[in-house]
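# A structural walkthrough
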Amino acid sequence: MAYDDAKMSYTNTFIQVSADCPVEMGIVPAMKKESKTAHLIQYELLSQNPYSFTQGELIYQVHVQHKQIPPDEIEAGGEEIREALFAKSHPCLRASMLPKKYGWGVHYNDEGKIAIYPVESEAYQQFVEAGSQGTDGPKLLFAMRNSRG
């Protein structure tokens, strides 16, 4: 079963930091041990390549980098890796630690491509204001809470 970005991704949507986000500014996720965490990989991909990835593309890139799959293995069996990865469901970025814990808003443009914005930034506030006014602004959602409330 192939991953269908159109069914699994948002468009024209802004995910605000969770109501119980512990930080007031966007912070870079820390490394653990010798390898990068999935959250750090998400952060690096989205901050260095705004509006380059759909949710499915991001999930795939995070997976191959996190699992440290060699480029030749990706080239030889990329489609099989992708099919195995998307044989199971994946949470949307509302469940990501970027908006839940690290203070990053997540914007999906009209094509479903993603960029992140720190909670303290003017751009973050503009998305919230535009979404609050309804008509032309993005749909506003909150990231999932860190704890049950």
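Above: the structure in question.
So, a few notes on the structure that sits alongside this text. (Residues numbered from 1 in each chain as written. Predicted model: local features only at pLDDT ≥ 70, side-chain atom pairs only at ≥ 80, totals over all residues. Heavy atoms only, no water.)

## Concerning the packing of aromatic side chains
Centre-to-centre distance and the angle between the planes together describe a pair of aromatic rings. This structure, assessed with the given rule, holds 5 aromatic pairs. Between phenylalanine 14 and tyrosine 124 the ring centres are 5.0 Å apart and the planes differ by 75 degrees, which places this aromatic pair in the edge-to-face class. Taken together, the positions of phenylalanine 14 in strand β1 (residues 13-16) and tyrosine 124 in helix α6 (residues 122-132) put the pair 110 residues apart, joining distant regions of the chain. Of the two residues, phenylalanine 14 and tyrosine 124, neither departs from the other in class, the shared state being buried. On the numbers, 5.3 Å between centres and 55 degrees between planes, the contact of tyrosine 43 with tryptophan 104 is tilted. (Phe/Tyr/Trp six-rings, centres within 6.5 Å; stacked < 30°, edge-to-face > 60°. Helix = DSSP H or I, 4+ residues; strand = E, 2+ residues; numbered from the N terminus. Buried < 20%, exposed > 50% of the residue type's maximum accessible area, 1.4 Å probe, protein only.)

## With respect to the side chain of threonine 37
On the secondary structure map, threonine 37 appears in the loop between β1 and α2 (38-48). Within the local environment of threonine 37, its side chain forms a polar contact with the backbone nitrogen of leucine 40, the two atoms lying 3.1 Å apart. Look past the residues within four positions of threonine 37 in its chain and what remains in contact with it is Ala30, Lys32 and His66. (Polar contact = N/O pair within 3.5 Å; in protein donor to acceptor, adjacent residues only side chain to side chain. Contact = heavy atoms within 4.5 Å.)

## Considering the packing of helix α3 (residues 55-66) against helix α4 (residues 71-85)
At a minimum axis distance of 11 Å, the contact between α3 and α4 shows a crossing angle of 115 degrees. Once α3 is placed against α4, the crossing between them reads as right-handed. On α4, the residues touching Ile59, Tyr60, His63 and Val64 of α3 are Ile74, Gly78, Ile81, Arg82 and Leu85. Looking at the contact of α3 with α4 residue by residue, the classes come out as 6 nonpolar, 2 polar and 1 charged. (Axes fitted to C-alpha atoms, helices over the stretch in contact; angles between N-to-C directions. Left-handed = near helix turned anticlockwise from the far one by under 90°. Nonpolar A, V, L, I, M, F, W, Y, C, P; charged D, E, K, R; others polar.)

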